[in-house]
Each structure stands twice: as structure tokens, then as C-alpha cells.
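What the coordinates show
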Amino acid sequence: VKEMEERVWEIKRAFGEKLFLPCHHYQKDEVVQFADATGDSLKLAQLAAENEKAEYIVFCGVHFMAETADILTREDQIVILPDMRAGCSMADMADIVQTEKAWKAIQEIYGDTVLPITYINSTAAIKAFCGRHGGATVTSSNAKKMIEWAFTQKERLLFLPDQHLGRNTAYSLGIPLEQMAVWDPIAETFEYDGDLQDVKVILWKGHCSVHENFTVENIAEIRKTKPDMNIIVHPECTYEVVQASDYNGSTNYIINTIKNAPSGSKWAIGTEMNLVKRIIAEHPDKEIVSLNPHMCPCLTMNRIDLPHLLWALESIEKNEPLNEIKVSKDIAKEAMLALNKMLQHV
Ligand code: 13P
Ligand code: SF4
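Residues numbered from 1 in each chain as written. Chains lettered and ligands numbered in written order. Predicted model: local features only at pLDDT ≥ 70, side-chain atom pairs only at ≥ 80, totals over all residues.

Now for helix H1 (residues 2–15). Taking 1.5 Å as the rise per residue, H1 with 14 residues should run 20 Å; its terminal C-alpha atoms sit 20 Å apart, in good agreement. Among the 14 residues that make up H1, zero are buried, leaving the element largely open to the surroundings. One or two residues past the end of H1 sits Gly16, with phi positive at roughly 50 degrees. (Helix = DSSP H or I, 4+ residues; strand = E, 2+ residues; numbered from the N terminus. Expected span 1.5 Å × (residues − 1). Buried ≥ 20, exposed ≤ 12 C-beta atoms within 10 Å, placed from the backbone.)

What follows is the structure, encoded as C-alpha cells:
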């Protein structure tokens, strides 16, 4: 391990500003120690868009984040994902063929009254679809702002691919659950009991397999055993969990809330395990636990490890970069429209 770490430092020193290594908060410590920047999806997208010096961006996160970085950087900047298996199960829940089919069904019912919005956790093709139809991307940091904006454009919106972030955010803006329908892309039907004309938000039936592991039972257990504990969760958790918790917000929000909390305060956190462990280590003055005692890792984020990082860096050193992420020009152009709408609003 020591040898591998030394090699990574050596390559980083040799490349200097020509190499940029951004890391998502869910990455392992063995990778985060080398980060030039850590952040949530929004911050990492902004940093990629601003970076003019790097020739190589070795993205320690998941596939859709590396795609986003490629879209937002110059043609000659090379984005690398150290392990191609680092996908996101949620992003994979909406493919473009399913989305076009859903759009057709939606248009038949609602005509031109719907704006498509996608969580940044989606493929470049889905972002391009939204860009093509006047929509935008959102992250968990700005979903509220972007949904408010969406309603200045159209009467209704289609929110892809995370039903929970869509439902939680729309509800926090005062939209009742009765005005939200779920589109099931497998059955190709709406899940909705009432009159579809009353619907304001169409939620894609996708979810995060990590955040769905936090349950109301976990919350009930904490309330019973540690009633003075604050419960804070990511809005990818279900509506019921978000409602039963004390606070909810993006990874950055969670980090900052706990950082600014008084010494001695107690917290149960409902988000990915690597981040929770890091927050616990950084705040020995606070009592912090994972909301789910079995801890929930994001298996795909975890695929980026020290050996894969070194392997990717050595390929750059040899001038034969491997695992390059390249979004086709046509898709990138339309996806950029959706991303820029978001970046202009935050
Ligand atoms: P944020 O980084 O926007 O909080 O999202 C969390 C996540 O699940 C990333 O995949
Ligand atoms: Fe995707 Fe969930 Fe992992 Fe985030 S935590 S990358 S949404 S599977």
C-alpha cells in the first residue's frame, strides 16, 4: 500500500496543475487523501466547468459525474474514470428508449404543458433529452430552486430518475402528494388513483439502492433509544423517512450542518457509509452514528480504490490514457443546454 501511495504522489507531483483529481464525498479515504477537491455533485460539476489548466481530469466518483465533467470541459481535456464499473444504479433506471416512450404517453395526455427535469444522477442521453425539450438538470443542493424555476416555464414537470428526490422536493414546495403521479417505465403506465389532469409532478419510478436502506423503523429505534439525537438524512431517502427525520439535504448540507452544530450534540446520519465514517472521525466532540446500524456503502462508488487510481494515473504517465469518458458531440451539445440552465441558476 505504501508503495502505491508513493507512486500516486509522485505522478501527481510530476503533472502538477496539468492533472486534476476531484473526489465525491462518498469516495473511500484511500482515494480522498489524494483529492485536489472534494465535493457534492454540484460543486464537482462547477469545478470541472471552471478548470482551464488541467489536461487530465481523473474523476473519483461515478460514471455520470465523469460524463458531466467531460461535457463541461474543453474538447482537448481528457476525463478518466479509474474503474468503468463505477456506475450508478439510479442513473441506470432511466434509459433513453424508455424515456422517449414515456414522453410520448405524457404528450398524449398533457400536450405541451410538461417540462422534463433530470437529477444530475442520470446518463448524458437523459440530460440531452431534457436540454432538447427546454428542461434542466438539478442536484440535491439546488433541486428546490430548479423546481421553482421549472414551474415558471410550464404547468407540470417530469422528474427523472429519482422519485424520492422529486417527491421530497416538490412536497417541500407545497405541492401535495395527490398532485404527484409515478411513471413506471417497466409497466409503461402511471401509478395514480385520481384524475391524471390534476397531476403537477410526474415522478420517474427510480431510486437509490443505498438511500432506500434507511427506514422509518431505523428512525423509530433511534427515537426510542436516544431521544435527544438529531436525525439528518439525504433527500434520496423515501418520503416517509424524510418526513420522520429532523433535517434533510445534500451531502454538503449534511457536512456543514454537523460542522456548525455545538460540541456534544448527537446525530444519526442517513447517507452513504464512507461519508458517515469520515464525519464521525472529523468530529470526536460529537456523538454521531449511522441511522442504519448496518451502514450502507455505495458499492459502485467503492469500486474506485487505490489500485485502480494508480493504474489510471500510470496510463497517463505512459501517455496512453485508459478509461477515457467521451460523450458524443451531439449528445454533449444538448446535455450542455440542460446543465447550463442549472449552473446559471445557482
Ligand atoms: P449529492 O452529492 O448531490 O449530495 O448526491 C449524492 C449522491 O447520491 C451522489 O450520487
Ligand atoms: Fe447512485 Fe445512490 Fe450510489 Fe449516489 S449513492 S452514486 S445515487 S447508487
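Text resumes after the structure shown.
Our focus in this paragraph is the site of ligand 1. Every residue close to ligand 1 is listed here: Asp40, Ser41, Cys88, Asn121, Thr139, Ser140, Ser141, Cys208, Glu236, Ser250 and Thr251. Residues belonging to the shell around ligand 1 are distributed by class as follows: two nonpolar, seven polar and two charged. Residue-level mapping places the shell around ligand 1 at the junction of two domains, with at least three residues from each of domain 2 (91–204) and domain 3 (211–290). (Near = placed C-beta within 6 Å. Nonpolar A, V, L, I, M, F, W, Y, C, P; charged D, E, K, R; others polar. Domains from an automatic or database assignment.)

This brings us to helix H13 (residues 306–317). Look at H13: 16 Å from first C-alpha to last across twelve residues, which is about the 16 Å you get at 1.5 Å a residue. All of the buried residues in H13 are Leu309, Ala312, Leu313 and Ile316. Viewed end-on, H13 has its buried residues packed into an arc of 95 degrees, placing them on one side of the element. Looking at the buried side of H13, the elements it contacts are H1, helix H2 (29–32), strand S4 (56–58) and strand S5 (78–80). Among the residues trailing H13, Asn319 stands out with phi positive, at a value near 65 degrees. (Arc of directions from axis to C-beta. Contact = placed C-beta atoms within 7 Å.)

Turning our attention to the sheet that holds strand S13 (residues 247–248). Judged by pairing direction, the sheet is parallel, and its four strands sit side by side in the order S13-S12-S14-S15 without closing on themselves. Each edge of the open sheet carries a strand with a single partner, namely S13 and strand S15 (287–290). Taken together, the four bridges between strand S14 (residues 266–270) and S15 define a ladder with parallel strand orientation. Bridge pairing in S15 places Ile269 opposite Ser290. (Pairing = 2+ DSSP bridges.)

Turning our attention to the pairing of strand S6 (residues 114–119). Within S6, six of the six residues are buried, which leaves the element mostly enclosed by the surrounding structure. Neither face of S6 is open: one carries Val114, Pro116 and Thr118, the other Leu115, Ile117 and Tyr119, and all of them are buried. Pairing of S6 with strand S8 (residues 156–160) involves five bridges; the strand directions are parallel. Each bridged residue has a counterpart across the sheet, and for Thr118 the counterpart in S8 is Leu160. Summarising the sheet, S6 and strand S7 (residues 136–138) pair through three bridges and their orientation is parallel. Opposite Thr118, over in S7, you have Thr137 as the bridge partner. Between S6 and its parallel partner S7, the chain crosses via helix H6 (residues 124–132), and the hand of that crossover is right-handed. (Right-handed = clockwise from strand over helix to strand, strands pointing away.)

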